[in-house]
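As a plain string of letters, each chain reads:
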Amino acid sequence: MGPPARPAEPRVQLSVRVTPLQSSGPVVEVEVEMNTRSSRWLWADPSTPLWSILDLRDDAGQIPYAIDSDGGHVLSLERPPKGRVYLRYRLEMPPPEERSAPDPRLWLDPTENVMHATGESLLWLPEGQTPITCRLEINAPDTPVATGFGLDRVIEVEVSPDALRRTNVLVGPLGTARFRLPFAEDDAAALGVTPYDMRWVAAETASVRTSIGEYFGAFDEGRFTTLLVSGLRRPNSALQAVDLRTRSLVVDGSSWAAWGGGARLSVASALAHRWLGGRVRVDMGGARGEGVWFTQGFSRHVARDVLFTIGLLTDEDMIAELDGLESVLATSPLARSSNADAVAAGTPDAVRLVTARGALYAARLKSQIKKHSGIENSLDGLLASLVRRAREAGPDVALPTWEQHISEAAGEDEVEAFRGMVLGGAPVELPPDVFGPCFRPVRGRHVPFELGFIDPGFAGQPIVLESVDTDGPAARAGLRAGDTIVDLEYRSGDPSVAVTMVVEREGRRLERSYEPHGTPVVGRRWVRDPRIPDEACLP
């Protein structure tokens with residue numbers, strides 16, 4: 001079997017060609033050609049795909065290889081490569097009867113002429129973080145295509161192999177749009193059916209991206225792509241899953257859930273995270289994840305601030321967001337843990353807690369800067385200055401430097417408040433007018449979401465329930481360890497939506513339904529003050 005019919009141009013250092021073979025069933029063929037000295041190629045997806053290597057050669061001929069899947073997937077060349085390496089392989093999906101639910105990482109449906117894939121589940125590539133000239137081709141004639149780099153079938157881009165893995169590929173009956181301004185280029189593609197108009201969501205996302213760039217006093221260089229996908233979500237996941245990818249954003253939405261404030265906040269938070277986390281971050285000097293209060297928490301604050309300012313959050317959306325953050329702080333079992341201890345727990349609840357702390361503290365800091373400095377300083381001005389600094393000094397801001405910025409903008413006492421509330425786990429104290437004159441705090445109940453067992457990853461196939469919290473709502477509904485889950489539906493994080501499930505026990509099928517909530521906790525909530533007109537609401 002010979003080399004590719006069209007060799008890569010000399011200036012192209014990495015060439016990737018993806019060909020969905022719809023007539024052959026759920027199969028995709030990939031060709032990778034690269035001038036490399038690396039003998040170690042990686043497959044980033046931890047799952048084990050059905051791949052077959054069809055050809056592996058370089059300028060000297062065939063290359064013997066071995067694949068090690070112990071703790072990951074590594075393709076090792078058994079001699080050093082000479083010149084350009086050419087690799088061709090196929091990926092196959094299991095037959096339809098073995099696929100219980102769409103896999104958002106790699107999904108091929110020849111009956112619908114549809115393909116969705118992440119780079120991690122599609123590409124064998126050498127390790128590498130240095131940007132090189134890459135040529136990416138999606139070989140699907142007469143079918144619309146999109147990638148994280150835009151709507152073109154063939155694109156050349158300066159990107160590292162590691163960053164190339166974090167792209168997505170869509171093939172099928174896509175809706176597409178291009179938005180162009182002198183300072184911004186946005187592409188969008190939509191696959192699937194939703195109860196909302198994806199064209200509006202695409203335009204709205206492009207507008208929000210521009211507004212967040214203005215917040216930081218800068219604009220992105222180059223094209224940004226939004227990929228809207230419906231129908232590939234895992235059972236019982238969030239209504240909209242938002243994933244920030246290389247030069248792109250993937251929004252995996254429900255085929256029935258409406259587009260509203262929660263979805264907008266998730267999208268805007270991811271777009272803000274490109275700056276706070278992507279361009280600048282606070283170096284905590286400790287374990288990975290200790291800066292989540294900044295990268296995710298402050299991003300959430302920026303998202304809320306921008307959306308409310310440009311009129312994309314209603315009063316109801318605003319209150320739902322604030323009460324959601326307050327509920328996390330009030331009900332988390334880690335609520336009084338320090339930042340370091342919470343991160344060390346390594347649980348999703350810990351990430352939610354640290355994010356909520358950061359988001360609410362950011363609102364406090366904005367208020368304190370305004371009170372201390374008047375119009376001379378602002379939180380957005382402080383964050384924009386850190387972004388500008390990062391262009392020359394790099395993304396990391398040392399914790400003492402961050403505290404110095406707080407001291408200069410909000411006073412020395414605020415440094416102690418930051419240490420206690422964000423790093424130490426003390427309650428986040430907020431002025432009554434922190435969110436403007438239209439919203440005020442009250443005391444109320446927070447109902448925690450409590451499933452009563454650890455979801456073992458139900459994806460449509462029967463799976464054994466290993467343990468049940470004997471004091472939780474699942475046990476009270478009659479579930480036992482050892483039951484086999486046959487069907488399971490719930491809305492993760494939402495205690496107001498009942499859990500419905502079917503289990504098998506001793507040869508019988510049992511239906512169970514219960515409310516997934518724990519003991520209510522009294523804490524701070526927020527209400528809209530009806531006496532204040534809408535035009536006076538901005539803080």
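Scroll up a little and you will see the structure.
If you're wondering where the values come from, they're calculated on a predicted model, not measured in any experiment.

Asker: Looking at this model, I keep getting lost on the overall build of the chain. Mind explaining?
Answerer: Within the chain, the regular secondary structure consists of 11 helices and 28 strands. With respect to the three principal axes, the spread of C-alpha positions in the chain is 75 × 65 × 45 Å. Expressed as a percentage of its 539 residues, the buried residues of the chain come to 54%. Long-range contacts, defined as pairs at least 24 residues apart, comprise 66% of the intrachain contacts of the chain with a sequence gap of at least 6.

Asker: Would you take a moment to explain the state of the cysteines for this structure?
Answerer: In a disulfide, the sulfur atoms of two cysteines are held together by a covalent bond. All chains considered together, the criterion is met by 1 disulfide. Residue Cys438 pairs covalently with Cys537 via a disulfide, S to S 1.9 Å. Taking the sign of the S-S torsion, -90° for the link of Cys438 and Cys537, the bridge is left-handed. You can see Cys438 sitting in the loop between α10 (412–423) and β23 (439–446) and its partner Cys537 sitting in the segment after β28 (521–528), a full 99 residues away along the chain. Of the residues examined, Cys438 reaches a relative accessible area of 0% and is grouped as buried. On the basis of relative accessible area, Cys537 is assigned to the buried category, the value being 3%.

Asker: Quick question: what am I supposed to make of the environment of Leu228 here?
Answerer: Looking at where Leu228 falls in the secondary structure, it is placed in strand β18 (residues 223–230). Setting aside residues no more than four positions away along its own chain, Leu228 makes contact with Ala189, Ala190, Leu191, Met198, Val201, Ala202 and Val251.

Asker: Explain helix α9 (residues 399–410) to me, please; I cannot follow it from the model alone.
Answerer: Structural remark: α-helix, 3.6 residues per turn; residues separated by three or four positions point the same way. Under the 1.5 Å per step criterion, the end-to-end length of α9 is 16 Å for 12 residues, consistent within 8% with the ideal 16 Å. Every buried residue of α9 is accounted for by Leu399, Trp402, Glu403, Ile406, Ser407, Ala409 and Ala410. In this fold, the buried residues of α9 make contact with β21 (281–283), α4 (292–309), α7 (348–373), α8 (379–393), β22 (396–398) and α10. With its phi angle positive at about 100°, Gly411 sits one or two positions after the end of α9.

Asker: What should I look at first to understand the pairing of strand β2 (residues 27–35) in this one?
Answerer: A regular strand carries its side chains on alternate faces of the sheet. Summarising burial for β2: 8 of the 9 residues are buried, a large majority. Of the strand pairs in this sheet, strand β1 (residues 14–20) and β2 are connected by 7 bridges, and their pairing is antiparallel. Each residue of the ladder has a partner; that of Ser15, found in β2, is Glu33. Pairing analysis gives 9 bridges linking β2 to strand β8 (residues 84–92), with the strands arranged antiparallel. Note on β8: the bridge partner recorded for Val28 is Leu91.

Asker: What is the right way to look at unusual backbone geometry in this model?
Answerer: Phi is mostly negative for residues that are not glycine, and the peptide bonds are mostly trans. For Asp142, which is not a glycine, the phi torsion comes out positive at approximately 65°. Inspection of the secondary structure puts Asp142 in the loop between β12 (132–138) and β13 (145–147). The backbone of Glu506 shows a phi angle near 55°, a positive value even though the residue is not glycine. Tracing the backbone through its elements, the reader meets Glu506 in the loop between β26 (499–505) and β27 (508–514).

Asker: Looking at this structure, I do not really get α4. What am I missing?
Answerer: Between its terminal C-alpha atoms α4 stretches 25 Å, which fits the 26 Å expected from 18 residues at 1.5 Å a residue. Of all 18 residues making up α4, 16 are buried, and the element is well covered by its neighbours. Once α4 ends, the next one or two residues include Gly311, with phi positive near 85°.

Asker: I tried to follow the sheet that holds β26 on my own but got confused; where do I start?
Answerer: Strands in a sheet are paired, the pairing made by backbone hydrogen bonds, and the direction either parallel or antiparallel. The antiparallel open sheet is built from 4 strands, whose spatial order is β24-β25-β26-β27. Two strands close off the open sheet at either side, each with one partner strand: β24 (463–464) and β27. As paired strands, β24 and strand β25 (residues 484–489) are joined by 2 bridges and run antiparallel to one another. By the bridge assignment for β25, Val464 is matched with Thr484.

Asker: How do you make sense of the packing of aromatic side chains when you look at a structure like this?
Answerer: We describe a pair of aromatic rings using the distance from one ring centre to the other and the angle between the two ring planes. One pass over the full model with this rule turns up 19 aromatic pairs. Ring centres 5.6 Å apart and planes at 75° place the aromatic pair Trp293 and Phe298 in the edge-to-face group. In this pair, the class of Trp293 matches that of Phe298, namely buried. Three or more aromatic residues joined by ring pairs form one cluster here, namely Trp293, Phe294, Phe298, Tyr361, Trp402 and Phe418. Note that Arg279 overlies the ring of Trp275, its terminal NZ or CZ placed 4.4 Å from the centroid.

Asker: Which parts of the structure should I look at to understand the sheet that holds strand β20 (residues 248–253)?
Answerer: Here we have 5 strands laid out as an open sheet, ordered β16-β17-β18-β20-β19, and mixed in their pairing. Sheet topology places β16 (175–181) and β19 (240–245) at the edges, where each strand pairs with a single neighbour. Put simply, the sheet's adjacent strands are angled 15° from each other on average, direction ignored. By the bridge criterion, 6 bridges tie β18 to β20 in an arrangement that is parallel. Within the sheet, the bridge partner assigned to Thr225 lies in β20 and is Ser248. In this fold helix α2 (residues 198–215) packs onto β16, β17 (184–191), β18 and β20, with an angle of close to 150° to the strand it touches most, β17. Strand contacts of helix α3 (residues 261–273): β18, β19 and β20, with the helix running at about 15° to β19, the strand carrying the most contacts.

Asker: In this structure, what is going on with the environment of Lys370? I would like to understand it.
Answerer: As for its position among the elements, Lys370 is in helix α7. Spatially, the C-alpha atoms of Lys370 and Phe308 are 18 Å apart, while their sequence positions differ by 62 residues.

Calculation rules
- Residues numbered from 1 in each chain as written.
- Predicted model: local features only at pLDDT ≥ 70, side-chain atom pairs only at ≥ 80, totals over all residues.
- Heavy atoms only, no water.
- Helix = DSSP H or I, 4+ residues; strand = E, 2+ residues; numbered from the N terminus.
- Buried < 20%, exposed > 50% of the residue type's maximum accessible area, 1.4 Å probe, protein only.
- Contact = heavy atoms within 4.5 Å.
- Disulfide = S-S within 2.5 Å.
- Expected span 1.5 Å × (residues − 1).
- Pairing = 2+ DSSP bridges.
- Phe/Tyr/Trp six-rings, centres within 6.5 Å; stacked < 30°, edge-to-face > 60°.
- Lys NZ or Arg CZ within 6 Å of the ring centre and 35° of its normal.
- Axes fitted to C-alpha atoms, helices over the stretch in contact; angles between N-to-C directions.

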